[in-house]
Every structure is written in C-alpha cells, then in structure tokens.
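# Working through the structure, step by step
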Amino acid sequence: MTRKKVELAYITNDSARKATFKKRKKGLMKKVSELSTLCGIDACAILYSPYDSQPDVWPSPLGVQRVVARFKKMPEMEQSKKMVNQESFLRQRVAKGNEQLKKQEKDNREKEITRVMFQSLTGKDLQTLNIVDIFDLGWVIDQNLKEINKRIESLNKEAQSLAAAAGQLIIKNEGKVPMEKPAFDTMDAIQAQQWFVDLVNPNEQMGFAGDDMMLPFGDANQNAIWPNGFFP
C-alpha cells in the first residue's frame, strides 16, 4: 500500500502537530546520525520547540559547540555560500520545476511534430500548418536526417572493420600448413579410382571379348555418347 502524499502546510490541529513534531524530530536526528557515520563528516542538529524548555541537540552540547565553532571560523562569504532559508529553498524548487516544465513542453512539441511528419508521408495535407509549425517540422526533419546519416556512417565503419578482420583471417589461413589427411581417406580415394578404372574398362574385369565393347570417352569418334564439350 502506497503512502499518502503529505501536504506541506501548517498543521492547525494542536495534537496532530505535536505528534508530527515528535515523529519527525526522531527521524531527523536519526538521519543526521546516519549521515555522520556513513560519510565520516562533522554534523550537528539543534531543534527548538514550544513543547520543551531546552532545545534538542545532536550529538551532544559539546559536539554542537565544536561544529559551530568550526563554522564560525570560515569567511562570511563561505558561510553563506550554500546557506538557504525557507524562501530561498522554495525559489530553488520553483526554478527547478520551471526547467522541468520547459523540457517537457519541448519533448511534447517534438513528439507532436514528429507525428505530423509521419502523417505527411501517408499523404496528409500540410496546408493547415502555420509558419511556426512549418519551421518546427523542418527542424525535426533535419534532426532525423542527422540520425540517419550517423547510423549509416556507423554501419559503414562496422562493415569496413568486418571486411578487414575477414581479410586478416584469410591471410593467416593461407600461411598455415594443411594438415595430413587420415590414412583411410587415402585408401578410399585409391578404391574410388580403381572403381572408376574398372567402370571405364569393363572388359578387363568381366571377360568381354574384343575392343568393340569399350565405351568411347572423349575420343575422335563422332558417335561418342558424351561430347567433348561437357567433359574436356
């Protein structure tokens, strides 16, 4: 279950305000202690409230005095360099919010014009655009063309790198000594050659009489079964 967002406004109810003070005071002291321990820095906290006659301090009165004394030794310009009050803090938040708003408006405008650009590719009429829309559309088109050209350049570089790597691999492979084939491969080749010889000269193995039964392979006989053009 998500926590309900707290409204930053003065709590008018006395009991609710007191309970909130005690709860958040405890959390604040804990955060200061964790920050000092984790980061190894000098820190202190002083809280005045209408509920106690004495202020709440962390880590101790002596520790607070030591940190405050160190702060007072700094030049006045350095003391106020990062010092903020409620008004300056709110001004910073407002300025940051305005920057985020401008950025979001720019993003929304770019998405809107990009949508118009894609619609124009489908044949939608652009006569309803005003001069500002046209200028924005031209800017979006230029940005897309830059991205396309950048992508093309990147792909070309990748292709050149792959081609260079492939060329080096071929050169390395050409310099290698071929491995000897196993003995059974040689035997198989011999047997295949002998089988082919037996096929060409069947009369030697099958006992056919005469040379008239030999098949004419690649001779000058015009009645040869396979012409010399296919088997040079």
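Above this text sits the structure in question.
Residues numbered from 1 in each chain as written. Predicted model: local features only at pLDDT ≥ 70, side-chain atom pairs only at ≥ 80, totals over all residues. Heavy atoms only, no water.

### Overview of the overall build of the protein chain
Helix and strand counts for the protein chain come out as seven helices and two strands. Shown N-terminal to C-terminal, the secondary structure of the protein chain runs as helices and strands in the order α-β-β-α-α-α-α-α-α. Considering the protein chain as a whole, with its 232 residues, one finds that 12% of them fall into the buried category. Per element, the accessible surface of the protein chain, about 21,100 Å² overall, is 59% carbon and sulfur. (Helix = DSSP H or I, 4+ residues; strand = E, 2+ residues; numbered from the N terminus. Buried < 20%, exposed > 50% of the residue type's maximum accessible area, 1.4 Å probe, protein only. Areas by Shrake-Rupley, 256 points an atom, 1.4 Å probe, with all protein chains shown as cover.)

### Quick look at the side chain of Asp133
Tracing the backbone shows Asp133 in helix α5 (residues 131-174). Among the polar contacts made by the side chain of Asp133, one reaches the side chain of Arg109 at a distance of 2.4 Å. In contact with Asp133, not counting residues within four places along its chain, are Arg109 and Ile113. (Polar contact = N/O pair within 3.5 Å; in protein donor to acceptor, adjacent residues only side chain to side chain. Contact = heavy atoms within 4.5 Å.)

### Some details on helix α1 (residues 14-39)
Across its 26 residues, α1 extends 37 Å between first and last C-alpha, which sits within 8% of the 38 Å expected from 1.5 Å per residue. Turning to α1, its buried residues number three or more, namely Phe21, Lys25, Met29, Val32 and Ser36. In this structure, the buried residues of α1 make contact with β1 (45-47) and β2 (56-58). Note on α1: the residue one or two positions beyond its end, Gly40, has a positive phi of about 65°. (Expected span 1.5 Å × (residues − 1).)

### Some thoughts on the pattern of salt bridges
Under the counting rule described, the total for this entry stands at nine salt bridges. Notably, a salt bridge pairs Asp42 with Arg66, separated by 3.6 Å at the nearest N-O pair. Of this pair, Asp42 sits in the loop between α1 and β1 while Arg66 sits in helix α2 (residues 61-72); the two residues are 24 residues apart in sequence, bridging distant segments of the chain. By relative accessible area, Asp42 is classed as partly exposed at 42%. Taking the shortest distance from any N to any O, the salt bridge between Lys157 and Glu153 comes out at 3.6 Å. Taken together, the positions of Lys157 and Glu153, both in helix α5 and four residues apart, correspond to about one turn of that helix. (Salt bridge = Lys/Arg side-chain N within 4 Å of Asp/Glu carboxyl O.)

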